[in-house]
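Examination of the molecular architecture
Given next are the chains, with one letter for each unit.
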Amino acid sequence: MTHSLLHSDCKMLAQSQFLCKSLALIPPPSPVLRSATRSLQVSSSKSIRLPYLSSAVSVSRGQISRAMASKYPSEPSPTDLDRFAAVGNALADASGEVIRKYFRKKFDIVDKDDMSPVTIADQMAEEAMVSIIFHNFPSHAIYGEEKGWRCKDESADYVWVLDPIDGTKSFITGKPVFGTLIALLYKGKPILGLIDQPILKERWIGMSGRRSKLNGEDISTRSCPILSQAYLYTTSPHLFSEEAEKAFARVRDKVKMPLYGCDCYAYALLASGFVDLVIESGLKPYDFLALVPVIEGAGGTITDWNGNPLLWEASSSAVATSFNVVAAGDSGIHQQALQSLEWQ
């Protein structure tokens, strides 16, 4: 276990070093954010390649700054995706640095209006990411779990959707199965997604049209065409409403093994081929949009309970409504799960 974590840590450190040498990721100085973003302050102007990306691209500091300031009026190109992924990795680095400072430490916990907990780590991690996005993509919008819509315009083609700590209950109880979720939407469709577990130093990244990766290595879901052989995860059986609970039970009673308590980490395990099915109810857009490119890029399927794609048009007036989500590593059991849910 120690050797595995050390190997993973080294790979992520190398990835961050490549990133910092190539991108001018310098958030505006702030007493709140300075410690969380100090590692991203760079001055190099040398052009280098980014080998950790699926399609390496040679960029320089001046080139990346001009490109990031543009509005990308057409469909994002492979080069655009590489730039977005580079900033996505920087966001995860900054968020993780904040989160690790508070994990298993004493701090205040506040209940939001919906009675879900929030901590200073959630708030500071989101602010660290917001600062980097606005510095590099001033025309992009942001929708964060903690602060909602941030953009001078009422809508935008590109919207970053952030959940600094998905699984705050796991975080405050010292269980490292929470994660930072980072999604980039283009006209409502998630084209980039990251699941970052900052304690275990594991990072999943998915991009439209590319194979998903875990710490730089290709991943894929596993074959499990029969529901009776499936390992099923959900965060908690107590999070379903009455009708949703009945629907979930119809699937739960048919699988080989129902398991509980992984938050977003269950979807990451599904993308890596260790879990077959994840079913949840009442998720907000910031809870699932980052999962879509990761799971689809690993060969899996993720939809709502009627089999519809998970899309959300973010804007200044948009409401973060609840979705019912089902993810499967094998298309066969995805269809069987939908049939068993019988959701209308």
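Residues numbered from 1 in each chain as written. Predicted model: local features only at pLDDT ≥ 70, side-chain atom pairs only at ≥ 80, totals over all residues. Heavy atoms only, no water.

Section: the sheet that holds strand β4 (residues 148–150)
Threshold: At least two DSSP bridges between two strands are required for those strands to pair. For the purposes of this entry, the term helix denotes a DSSP run of H or I that reaches at least four residues, the term strand denotes a run of E that reaches at least two, and both are numbered from the N terminus. Should any heavy atoms of two residues lie within 4.5 Å, those residues are counted as being in contact. Working convention: axes come from line fits to C-alpha atoms, limited for helices to the stretch in contact. Angles between N-to-C directions cover 0 to 180 degrees.
Taken in spatial order, the eight strands line up as β4-β3-β5-β6-β7-β8-β9-β10 in an open sheet, and their pairing is mixed. One side of each edge strand has no neighbouring strand; the edge strands of this open sheet are β4 and β10 (217–218). Where strand β6 (residues 179–186) lies against strand β7 (residues 189–197), seven bridges are found, and the strand directions are antiparallel. Bridging from a neighbouring strand, Tyr186 pairs with Lys189 of β7. Across the sheet, helix α5 (residues 120–136) is in contact with β3 (141–144), β4, β5 (158–166) and β6; its angle to β5 comes to roughly 155°.

Here's the deal with the pattern of salt bridges
For side chains of opposite charge, pairing can occur when their charged atoms come near one another. Applicable threshold: Salt bridges are defined by distance alone: a side-chain nitrogen of Lys or Arg within 4 Å of a carboxyl oxygen of Asp or Glu. The classification of residues rests on relative accessible area computed with a 1.4 Å probe and restricted to protein chains. Under 20% of the type maximum is buried, over 50% is exposed, and intermediate values are partly exposed.
Taken as a whole and judged by the stated rule, the model has 12 salt bridges. Here Asp93 ties to Arg203 by a salt bridge, and the two come within 2.7 Å at their closest N and O atoms. In this pair, Asp93 is assigned in helix α4 (residues 78–102) and Arg203 in strand β8 (residues 202–207), connecting sequence segments 110 residues apart. Residue classification places Asp93 among the buried residues on the basis of a relative accessible area of 13%. Across the pair Asp276 and Arg222 runs a salt bridge whose closest N-O atoms are separated by 2.7 Å.

Some thoughts on the environment of Ser155
Along the chain, the position of Ser155 falls in the loop between β4 and β5. Taking the C-alpha atoms as reference points, Ser155 and Lys187, separated by 32 residues in sequence, lie 9.6 Å from one another. Excluding residues within four positions of it along the chain, Ser155 makes contact with Trp149 and Ser315.

A word on the packing of aromatic side chains
Selection rule: Note on aromatic pairs: the rings of Phe, Tyr and Trp (six-membered ring only in Trp) are paired at centre separations within 6.5 Å, and the planes decide the class, stacked below 30 degrees, edge-to-face beyond 60, tilted for the rest.
Summed over all chains, the structure comprises 13 aromatic pairs. When the ring of Phe84 is compared with that of Tyr158, the centres are 5.2 Å apart and the planes differ by 55°; the resulting orientation is tilted. A residue pair is termed long-range when its members are at least 10 positions apart, and Phe84 in helix α4 and Tyr158 in strand β5 qualify at 74 residues. Exposure remark for Phe84: the relative accessible area of 0% places this residue in the buried category. Ring centres of Phe240 and Phe248 lie 4.5 Å apart, and the angle between their planes is 20°; this geometry places the pair in the stacked category. You can call Phe248 buried: its relative accessible area is 2%. Feature note: the residues Phe84, Phe137, Tyr158, Trp160 and Tyr186 constitute an aromatic cluster, connected by ring pairs.

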